[in-house]
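Coordinate analysis (summary)
Residue strings, one per chain:
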Amino acid sequence: MKYNEILRNGEHTLAAAGIDDAENDARLLLEEASGIDYSHLMISMQDEVPEDVVKKFNDYISLREKRIPLQQIVGYTEFMGLRFHVNENVLCPRQDTEVLVEIVLKDIESSKRKMAGALEPANNRALKVLDLCTGSGCISVSIAKLSDASVTACDISEKALEVARQNAYDNQANVRFFQGNLYGALPQADKYDIIVSNPPYIRSDVIPTLMPEVKDHEPRIALDGSADGLKFYRKIIEKSPDYLNPDGRIYLEIGYDQGAEVINLIRSCGYEDFHIIKDYSGNDRVIAATYYETNA
Ligand code: GLN
């Protein structure tokens, strides 16, 4: 069989399985199976495909036909320009979450500039960042890799942490990982300048309506935010002042319709300067707020 033939067959199979972007997925799976990038495949479309590549491609297509996410089939995805290993034990990093990471990176940069201008050189130290519900580690590893902050990350799932540790290792990022429920495993005296989290925030009743890739193949504990979707925001926000340095900041990813509710939680806990940042599609995506020293 020729490349164009197996590609077309793959596309048809995926389209028949109800996959929206069947063409793109088939192309990516062929790139992965052959180890040849698409620009080179385009000029080889009339060539015969080696047997082992046909088999690998067909195996990938059968997995994708079962609505297994593409990233889980190939075993990785890209986030913040870095490569992240993923499997069924972690939420696949979403592009929207890059907005959250970029805001935290900006904060770290501007804090550094402020510290550099401070009178006491002792103030000039690495910022401490805590990432709760780290999952694949996409947030913590990106921040550790792309800034000089000192990063700690927690997750309740040991299986997720295995993936996160692997991602830290592969990206040569230095992250301190703890397995535990939110703040549960942290040393009590730990204080951070920034707390960041993309916790599970989908309402339980919405989960059955999600795409099969998400509802059937991504870990439910990474998605489910309880009946009102807010369980983890409540817990994270409530305890956060105990773990923040004076004037510490919190950055939380939120669902497009959760801004008002999460702002209420943040406000009632004593945070100030809260604002909402939109994602690339124009939806509310991140809440940022500061806990001033006078509150502490
Ligand atoms: N923090 C990880 C991410 O942003 C995992 C989030 C989660 O499991 N809810 O992808």
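As the structure is a prediction and not an experimental result, all values here were calculated from the model. (Residues numbered from 1 in each chain as written. Predicted model: local features only at pLDDT ≥ 70, side-chain atom pairs only at ≥ 80, totals over all residues. Heavy atoms only, no water.)

**Brief notes about the pattern of salt bridges**
The final tally for this structure, using the stated rule, is 19 salt bridges. Notably, a salt bridge pairs Arg67 with Glu213, separated by 2.8 Å at the nearest N-O pair. With Arg67 in the loop between helix H4 (51–65) and helix H5 (70–74) and Glu213 in helix H9 (residues 212–215), this pair connects stretches of sequence that are 146 residues apart. Grouping residues by exposure puts Arg67 and Glu213 together as buried. Linking Arg220 and Asp224 is a salt bridge whose minimum nitrogen-to-oxygen distance equals 3.0 Å. Accessibility expressed as a relative area gives 44% for Arg220, which makes it partly exposed. (Salt bridge = Lys/Arg side-chain N within 4 Å of Asp/Glu carboxyl O. Helix = DSSP H or I, 4+ residues; strand = E, 2+ residues; numbered from the N terminus. Buried < 20%, exposed > 50% of the residue type's maximum accessible area, 1.4 Å probe, protein only.)

**Focus on the sheet that holds strand S4 (residues 150–155)**
Across a sheet, paired strands are connected by hydrogen bonds in the backbone, their directions being either parallel or antiparallel. Spatial ordering of the open sheet is given by S5-S4-S3-S6-S7-S9-S8, a layout of seven strands whose pairing is mixed. Whereas interior strands pair on both sides, the edge strands pair on one side only; in this sheet they are strand S5 (175–179) and strand S8 (272–278). Going across the sheet, the axis of each strand differs from the next one's by a mean of 15°, ignoring polarity. Bridge count between strand S3 (residues 128–132) and strand S6 (residues 192–197): four bridges; the pairing is parallel. Across the sheet, Leu132 pairs through a bridge with Ser197, a residue of S6. (Pairing = 2+ DSSP bridges. Axes fitted to C-alpha atoms, helices over the stretch in contact; angles between N-to-C directions.)

**Description of the site of the ligand**
In the vicinity of the ligand, the residues found are Leu91, Thr97, Cys133, Thr134, Gly135, Cys138, Ile139, Asn198, Pro199, Pro200 and Ala222. At 2.8 Å from a nitrogen atom of the ligand is found a main-chain nitrogen or oxygen belonging to Ala222. In the complex, 97% of the free accessible area of the ligand, which totals 290 Å², lies under the protein chains. Class assignment of the residues belonging to the shell around the ligand gives a composition of seven nonpolar, four polar and no charged. (Near = heavy atom within 4 Å. Polar contact = N/O pair within 3.5 Å; in protein donor to acceptor, adjacent residues only side chain to side chain. Areas by Shrake-Rupley, 256 points an atom, 1.4 Å probe, with all protein chains shown as cover. Nonpolar A, V, L, I, M, F, W, Y, C, P; charged D, E, K, R; others polar.)

**Considering the pairing of S6**
The buried count for S6 comes to six of six residues, which makes it a mostly enclosed element. In this structure, S6 lies alongside strand S7 (residues 244–253), joined through five bridges in parallel fashion. Across the sheet, residue Ile195 finds its bridge partner in S7, namely Ile250.

**What about the packing of aromatic side chains?**
Going through the model one piece at a time under the given rule, you end up with four aromatic pairs. Note on Phe79 and Phe84: the rings are 5.9 Å apart at their centroids and 80° apart in plane angle, and the pair reads as edge-to-face. For the residue pair Phe79 and Phe84, the accessibility class agrees, reading buried in each case. Here Tyr183 and Tyr243 contribute two aromatic rings whose centre-to-centre distance is 4.6 Å and whose plane-to-plane angle is 15°, an arrangement assigned as stacked. Taken as a pair, Tyr183 in the loop between S5 and S6 and Tyr243 in the loop between helix H10 (231–239) and S7 lie far apart in primary sequence, 60 residues in all. (Phe/Tyr/Trp six-rings, centres within 6.5 Å; stacked < 30°, edge-to-face > 60°.)

**Concerning the layout of surface pockets**
In this model, the second largest pocket occupies a volume close to 370 Å³. As for the second largest pocket, its lining consists of 15 residues, of which Ser111, Met115, Leu127, Asp247 and Arg249 are closest to the centre. Those elements that provide at least two residues to the lining of the second largest pocket are helix H6 (97–116) and S7. (1 Å grid on protein atoms, 1.4 Å probe; cavity = no way out; pocket = protein on both sides within 12 Å on 5 of 7 lines; lining within 4 Å. Points joined across faces, edges and corners; volume = space filled by probe spheres on them.)

**As for the packing of helix H1 (residues 3–16) against helix H2 (residues 22–34)**
At a minimum axis separation of 8 Å, H1 and H2 run at an interaxial angle of 130°. With respect to each other, H1 and H2 are oriented oblique. The two elements H1 and H2 cross, and the hand of that crossing is right-handed. For the pair formed by H1 and H2, the contact residues are Tyr3, Ile6, Leu7, Gly10, Glu11, Leu14 and Ala15 on the first element and Ala22, Glu23, Asp25, Ala26, Arg27, Leu30 and Ser34 on the second. (Parallel < 35°, antiparallel > 145°, perpendicular 65-115°, else oblique. Left-handed = near helix turned anticlockwise from the far one by under 90°. Contact = heavy atoms within 4.5 Å.)

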